[in-house]
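Topology and contacts: notes
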Amino acid sequence: MIKWMVAVSCLALMAGTAAAEPNLKLNDKGYFEAPGLNVTVFADIYPDGHQTGVTVIQHGVRVAANGDLRLEPSPGQWSPMPAGDGQPVVDATTNSVSQALHYPDETKNRKGFNPIDYPDLNFSYKVRVTPLEGNSFRVSVDLDKPLPRDWEGKVGFNFELFPTDLFGKSWLMDDRSGIFPRQANGGMSDDHGQTITAPLAKGHSLTVAPESPLQRMTIQSQTGELELLDGRGNVNNGWYIVREVTRPGATKDAITWTITPNVDPDWRYKPIVQVSQVGYRPDQAKTIIIEQDKRDTQADPLILYQLTETGRVEVARYTPKPWGQFLRYNYLTADLTAVKTPGMYLLAYRGADTGTFRIADDVYDRHVWQPTLEYFLPVQMCHMLVRENYRTWHGLDHQDDARMAQVGNHFDGYDQGADTLTKYKPGDRVPGLASGGWHDAGDYDLRVESQMGTVWLLSKMVEEFGLNYDATTIDEAKKEADIHRPDGQNDAIQQIEHGLLSVLGGYKALGRTYRGIIEPTLEQYTLLGDISTQTDNLDYDPALKSGERTATTSSLTDDRWVFTEDNPNRELGTAAQLATASRVLKTANPQMSADALSAAQDIYARAYDRATDLQARVFVLSELAQTTQDAAILKRLVALKPEIVTHIDQTGAMLASAMPLIKDKRFINDVGAAVKTYQAKLADEATKTPYGVPYVPYIWGAGWQIQEFGVQQYFFRKAWPQYTPDTLQMEALNFVLGVHPGENTESFASGVGAKSATTAYGANRADWSYIPGGVISGTALIRPDLPELKTWPYFWQQTEYVMGGGETNYMFLVLAAAQKR
């Protein structure tokens, strides 16, 4: 009887198991999908950005990523990472996705943009994900052969949990429990040579956020012990990490986990209404975007309220029109162009309100572009003490700039060739570099293209819009900048001069433009804090020989390095920008204007015939022609007509300002015809997304590129208004100011608009803060289809500031929109 009952129970269990179907199914994009849950497997390619491996998107939010074998318990940006062997294998027959990988990645092993120092370890493996019953899935790791004995206990499977959404939430590990701390706390431990925070817990079953139905997730190991680590203990930008080391001698199923995210089967993505966080001019087109769950095609009333002294007053109701599918969402649009009455407004949809926005003729005249000029640019100034009333943004820095770089590959893309050292040997002090320039984002280096890109855009704003604004005292003699202390001088002109102090200083000393100036060590490169502490900031004693200091000074080893290169294409861009700056400084600073033009002409003469980039050639000829009125230069520009016409997308914006100088009718007609065709193509491409601009999402946020596109459209419109409406230019600005995909609709410009990026990857990112007027890269793509903009200060691909266009393209675009028509 007992045997029969057992047999019946087993049969019933087998029948139940056979009947239980996984909820996760492979979709046509190659990842697993169930209502409220997605699991991707190496769909992304950015491990140092926490964006690859086994990834869980739970109720529309990426909660875990980077599931993969790593050589350290808490890897950092320069830690060894594997290379994939081809694309993930999607097997519909077995309902699984797998990825083969190996160590080392030879494209990064002591070479490339950011060289990584790999150990002497070569092995291959495969990560496989298979759905199980309900919302569970299995992660299996198979090694091709056992790891060497001296690597046993070191290699493990890491699965990273995004921190911000877990702060203050609880965890359960077997019989232990705790909360996810807001900051990394000790004690510290040594794990095979890596100092990390001691594990929060060890066990075989971890439950994350048990109190939150939309976040709860259980991770169980069938092969070993789990550790819950806080990756921020050794690198500030780390995540929480769940880790299991491989078993000695293991190959097949070296790691096997079952992961079970909790899922609400009735969950739907809440509609997001995307509107400019600043507002609109009365005569401006006003397209409102509504982003909904892809299963949600219902269009409910969109209600417009005007704000009055007695509260909100309904103005109009709209029935949104279906646009269609884009990325992973269904989109609707509503046209509010007819609303022209000045005032403050908000929109409501299905009971949820947008932020407030303004409709007014002067909507772009104040509080929109000004923060970039009065905050961001001063704060980024190098070789200066920068203050704002009671606050010191940073102390006087880098008065020990700079030494000639050592020959060889450095990091962050810097590579010094032996043939471009000029008269200075590695380690020699190069004079003239301890003044001017701006730190680039949070990296603090000075690339020539970021310096001159900023100089050029500021110069064009002065030239195009008559930009004249004074909110800052800039004293180059004292090396001090005081925000909100006007000095009677045009801040834009002063900033142009500041940029040229660095670039022309390098040119005069080196006889060529520098590639850039950067710190010699990664420890300095990763500095979070006052930039004046990056070096000892002690100047050289000119009476001493190269490389010497007095006994009272410290070592030279912390001084930044200056790199040079032979890059005629980049040099032509610099020459063009110097020519532009020369024009706008002619009255304000005649000597610097003359120096800039002289340098531009010299660089042009040496680089032009060796350059291969058409855009750079058109750019330098166009700007030099405007500055010098030289007929020979103009003739050379006109001779490029066949190439210009063929590649008008690359050349049109660069050519536009010089068009009034060109009298050749055939040139004018043929170029105009090419512009007409190109603008028609752009208009068609803009219809491929609901956002009204050509937009192909990628790993990095597209905000900077879309701003640059908008600026280019301004110049196309300037020269060819008959073919170029302002539509794309204005939609580019709207995109940056809040009309972009994803649930986070903040303005990419920090401190601008009702809601903006106030946690950003800038110099003060460790404080979870921002710099007003800095512009982040914005909403990124989690492949293949999730737009993401998280609140996290260490995502350079989402929230980083940058010089050379990120800030000044935005400023230009706003000033262009502010022009009265």
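Presented here is an overview of the structure given in this document. The numbering scheme is per chain: residues are counted from 1 as the chain's sequence reads. Only residues with pLDDT of at least 70 get local features here, since the model is predicted, and only at 80 or more are side-chain atom pairs given and counted; chain-wide, interface and lining totals rely on the full set of residues. By convention in this description, side-chain values take in all heavy atoms of the structure and omit both hydrogens and water.

Here a strand is any run of E in DSSP of at least two residues, a helix any run of H or I of at least four, and the numbering for each starts at the N terminus. Looking only at helices and strands, the chain features 16 helices and 43 strands. For a compact globule the rule gives 2.2 Å times the number of residues to the power 0.38, and the radius of gyration it is set against comes from C-alpha atoms. Here the chain has a C-alpha radius of gyration of 29 Å; the compact-globule value for 821 residues is 28 Å, and the two agree. Along the first, second and third principal axes, the C-alpha set of the chain runs to 105 × 75 × 55 Å. Counting over 821 residues, the chain shows a buried share of 59%. Residue contacts are counted whenever heavy atoms from the two residues lie within 4.5 Å of one another. Put simply, of all contacts in the chain between residues at least 6 apart along the chain, 69% involve residues at least 24 apart. Areas reported as accessible are Shrake-Rupley estimates using a 1.4 Å probe. Residue values count occlusion only from the protein chains shown. For the chain, the accessible area works out to roughly 32100 Å², and carbon and sulfur atoms hold 52% of it. By the counting rule applied here, Lys and Arg register as positive and Asp and Glu as negative, while His and the ends of each chain are not counted. Charge placement uses NZ in Lys and CZ in Arg. For Asp and Glu, CG and CD serve respectively. The averaged location of the 101 negative side-chain charges in the chain is 4 Å from the averaged location of its 77 positive side-chain charges. The rule is simple: take the accessible area with a 1.4 Å probe, protein chains only, and divide by the maximum for that residue type; under 20% is buried, over 50% is exposed, in between is partly exposed.

Method remark: on a 1 Å grid restricted to protein atoms, a set of points is classed as a cavity if a 1.4 Å probe fits but cannot get out and as a pocket if it is open with protein on both sides within 12 Å along at least five of seven lines; lining residues have an atom within 4 Å of a point. Grid points are joined across faces, edges and corners, and a volume is the space filled by probe spheres set on the points. Scanning the model with the defined rule gives six cavities of 30 Å³ or more in all. Taken as a whole, the largest cavity spans an internal volume of roughly 90 Å³. Along its surface, the largest cavity is lined by 13 residues, and D48, H50, P75, G76 and Q77 are the ones closest to its centre. Note that Gly is not counted as nonpolar here; it falls among the polar residues with everything else outside the nonpolar set of Ala, Val, Leu, Ile, Met, Phe, Trp, Tyr, Cys and Pro and the charged set of Asp, Glu, Lys and Arg. Tallied by class, residues from the lining of the largest cavity come to four nonpolar, six polar and three charged.

This paragraph deals with helix α7 (residues 590-607). How far a helix is expected to stretch is found by multiplying one less than its residue total by 1.5 Å. Here α7 is 18 residues long and its end C-alpha atoms lie 26 Å apart, about the 26 Å a rise of 1.5 Å per residue gives. Here the buried face of α7 lies against α4 (491-510), α6 (568-584), α8 (614-628) and α9 (631-638).

Only the stretch in contact is used when a helix axis is fitted, and all axes are lines through C-alpha atoms; the angle between N-to-C directions ranges over 0 to 180 degrees. Following both chains from N to C, one finds helix α3 (residues 448-465) and helix α13 (residues 703-719) inclined at 35°, their axes separated by 14 Å at the closest point. Regarding α3 and α13, the two cross each other, and that crossing is left-handed. Contacts between α3 and α13 involve W456, L457, K460, E464 and F465 on the former and, on the latter, V711, Y714, F715 and K718. Among the residues making up the contact of α3 with α13, the classes are represented as six nonpolar, no polar and three charged. Crossing handedness: left-handed means the near helix sits turned counterclockwise from the far one by under a right angle, and right-handed means the same turn made clockwise.

Moving on to unusual backbone geometry. In this chain, G186 is followed by G187 through a cis amide linkage whose omega measures 5°. Inspection of the secondary structure assignment puts G187 in the loop between β13 (176-179) and β14 (188-191). Between D401 and A402 the backbone carries a cis peptide bond, its omega angle lying at -10°. The topology assignment puts A402 in the loop between β33 (391-394) and β34 (403-404). With a phi close to 50°, L327 is a non-glycine residue in the positive phi region. Summarising the element assignment, L327 is placed in the loop between β27 (321-326) and β28 (329-335). Even without being a glycine, K479 presents a positive backbone phi close to 60°. The topology assignment puts K479 in the loop between β38 (472-475) and β39 (480-483).

Take the sheet that holds β38 next. Note on sheets: strands pair through backbone hydrogen bonds, and any given pair is parallel or antiparallel. If you walk across this open sheet you meet the four strands as β33-β32-β39-β38, and the pairing is mixed. Single-partner strands in this sheet number two, and they are β33 and β38. Strand-to-strand twist in this sheet, taken as the mean axis angle between neighbours without regard to direction, amounts to 20°. In the sheet, strand β32 (residues 385-388) pairs with β33 via three bridges, with the strands oriented antiparallel. Each bridged residue has a counterpart across the sheet, and for R387 the counterpart in β33 is T392. Pairing between strands is defined by DSSP: at least two bridges between them are needed.

Relative to β39, β32 runs parallel, the two being bridged by four bridges. Considered in β39, the bridge of R387 is made with D482.

Quick look at the sheet that holds β27 now. One open sheet holds the four strands; their spatial order is β22-β24-β28-β27, and the pairing between them is antiparallel. Of all the strands in the sheet, just β22 (272-274) and β27 have a single pairing partner and so form its edges. Strand-to-strand, the axes of this sheet are offset by a mean angle of 25°, without reference to chain direction. Pairing analysis gives five bridges linking β27 to β28, with the strands arranged antiparallel. Within the sheet, the bridge partner assigned to Q325 lies in β28 and is N330.

Our next topic: the pairing of strand β4 (residues 54-58). Counting buried positions over the five residues of β4 gives five, a clear majority of the element. The side-chain alternation of β4 yields two buried faces, one formed by V54, V56 and Q58 and the other by T55 and I57. Here strand β3 (residues 37-41) runs beside β4; their pairing, made up of five bridges, is antiparallel. Looking across to β4, one finds that V39 is bridged to V56. By the bridge criterion, four bridges tie β4 to strand β5 (residues 61-70) in an arrangement that is antiparallel.

Moving on, we come to the environment of A702. Here A702 shows up in the loop between α12 (665-686) and α13. Look at A702 and you get buried, because its relative accessible area is 11%. When the C-alpha atoms of A702 and S777 are compared, they prove to be 6.2 Å apart, with 75 residues separating the residues in sequence. Beyond its immediate sequence surroundings of up to four residues, A702 is in contact with Y695, S777 and T779.

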